[in-house]
Amino acid sequence: MIPEWLSAGLWGLLSGGALLIGAAIGYFVHVPQRLIAGIMAFGSGVLFSALSFDLMDEAYRAGGFDSTAIGFLGGAGVYTFANYILANKGAKHRKRSGTQQSSEQEKDGSGLAIAVGALLDGIPESIVIGLSLLGGKGVSIAAVAAVFLSNIPEGLSSAAGMKKSGRSVGYVLGVWAAIALISGVAALVGYTVFQHYNNEIIAATTAVAAGAILAMLVDTMVPEAFEEARDFAGLITVVGFLLAFILSKLSG
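Residues numbered from 1 in each chain as written. Predicted model: local features only at pLDDT ≥ 70, side-chain atom pairs only at ≥ 80, totals over all residues. Heavy atoms only, no water.

S.K.: Is there a simple way to think about the nonpolar core in this case?
M.R.: Nonpolar side chains in soluble globular proteins tend to be buried together. Leu47, Leu51, Leu55, Ile213, Leu217 and Met221 are the most contacted members of the largest nonpolar core, which totals 16 residues. Those elements giving two or more residues to this core turn out to be α2 (33–91) and α6 (199–228). Considering each element in turn, this core owes the most residues, nine residues, to α6. Counting residues in each nonpolar core, the second largest holds 15 residues, with Leu19, Leu86, Ile114 and Ala115 among its members. (Core = buried A, V, L, I, M, F, W, Y, C linked by side-chain atoms within 4.5 Å. Buried < 20%, exposed > 50% of the residue type's maximum accessible area, 1.4 Å probe, protein only. Helix = DSSP H or I, 4+ residues; strand = E, 2+ residues; numbered from the N terminus.)

S.K.: Please clarify how the packing of α2 against α6 should be interpreted in this entry.
M.R.: The contact between α2 and α6 brings their axes to 4 Å, and the two run at 155°. If you check the angle between α2 and α6, you find them roughly antiparallel. When you trace α2 past α6, the crossing you get is left-handed. Split into classes, the residues belonging to the contact of α2 with α6 amount to 28 nonpolar, 14 polar and five charged. (Axes fitted to C-alpha atoms, helices over the stretch in contact; angles between N-to-C directions. Parallel < 35°, antiparallel > 145°, perpendicular 65-115°, else oblique. Left-handed = near helix turned anticlockwise from the far one by under 90°. Nonpolar A, V, L, I, M, F, W, Y, C, P; charged D, E, K, R; others polar.)

S.K.: Teacher, can you tell me more about the environment of Gly38 here?
M.R.: By the secondary structure assignment, Gly38 is in helix α2. For the pair formed by Gly38 and Gly122, sequence separation is 84 residues and the distance between their alpha carbons is 20 Å.

S.K.: Sorry, what's going on with the UniProt feature "transmembrane region" (unreviewed entry) in the chain here?
M.R.: Mapped onto this numbering, the UniProt entry annotates "transmembrane region" (unreviewed entry) at residues 6–28, 35–56, 68–87, 127–149, 169–194, 201–220 and 232–250. Summarising residues 6–28: 100% helix, 0% strand, and an end-to-end C-alpha distance of 33 Å. (UniProt positions renumbered as here; feature names shortened; annotations may be inferred.)

S.K.: Help me understand the packing of aromatic side chains in this model?
M.R.: What characterises a pair of aromatic rings is the spacing of the ring centres plus the angle enclosed by the ring planes. The full count for this structure, using the stated rule, is four aromatic pairs. Aromatic pair Tyr27 and Phe28: ring centres 5.4 Å apart, planes at 70°, arrangement edge-to-face. Looking at Phe28, the relative accessible area reads 55%, which means it is exposed. Taken together, a centroid distance of 5.7 Å and an interplanar angle of 45° make the contact between Phe194 and Tyr197 tilted. Note on Phe194: relative accessible area 17%, which makes it buried. Ring-pair connections join several aromatic residues into one group, and the members of that group are Phe53, Phe241 and Phe245. Seen from the ring of Tyr27, Lys163 lies directly overhead, with NZ or CZ sitting 5.1 Å from the centre. (Phe/Tyr/Trp six-rings, centres within 6.5 Å; stacked < 30°, edge-to-face > 60°. Lys NZ or Arg CZ within 6 Å of the ring centre and 35° of its normal.)

Okay, structure coming up:
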């Protein structure tokens, strides 16, 4: 039987691997921007549902309103501050599939900023997967499915934009492969570090991740979805939300 700490890492690696799958599609396959935006809208809906019905609800049940509210606001605040710094260094449009991303010629150091930004976006989701294993109930399949389904359009859109800004295939796939591996490590850390903490700490940490994910959605994924998908973005987002909601109830 696989130890739970290893299981956490493997589940994190699986969900993070979707970024590499999406990146490979985005780099090697010509996907129309409107289709990319539609997929991004779908992924956004999936994450909106997951953080509403899995993360925030679980955090509230485990730690009450105070821990949940403080963690939620804290996660959004920390993410927003870090994202602001990275945006000023060239990572503002890291999830965009068009020509918005800065090249190294346009903004020195933007390649590193984009890589760090992608890492910043992925860590909260992976930690949540590790936290879901606490208590011996097994991993939250809904959380893993939500992160996996949302990571494919994230990697796809960003890789398409990286290619258009002149970045090499080695850089693009290397960034997403590294982030997939770090996702596994983050899930493992989420399990091993917090397994001995009380419910309020775990609840606050879950809420921190939820706040960071929501801020990430609005700052990086929603702009791509709603600028390119136009009139259909809302409907596609609702479909993604509904699918994740159904998965959450079926796995619960």
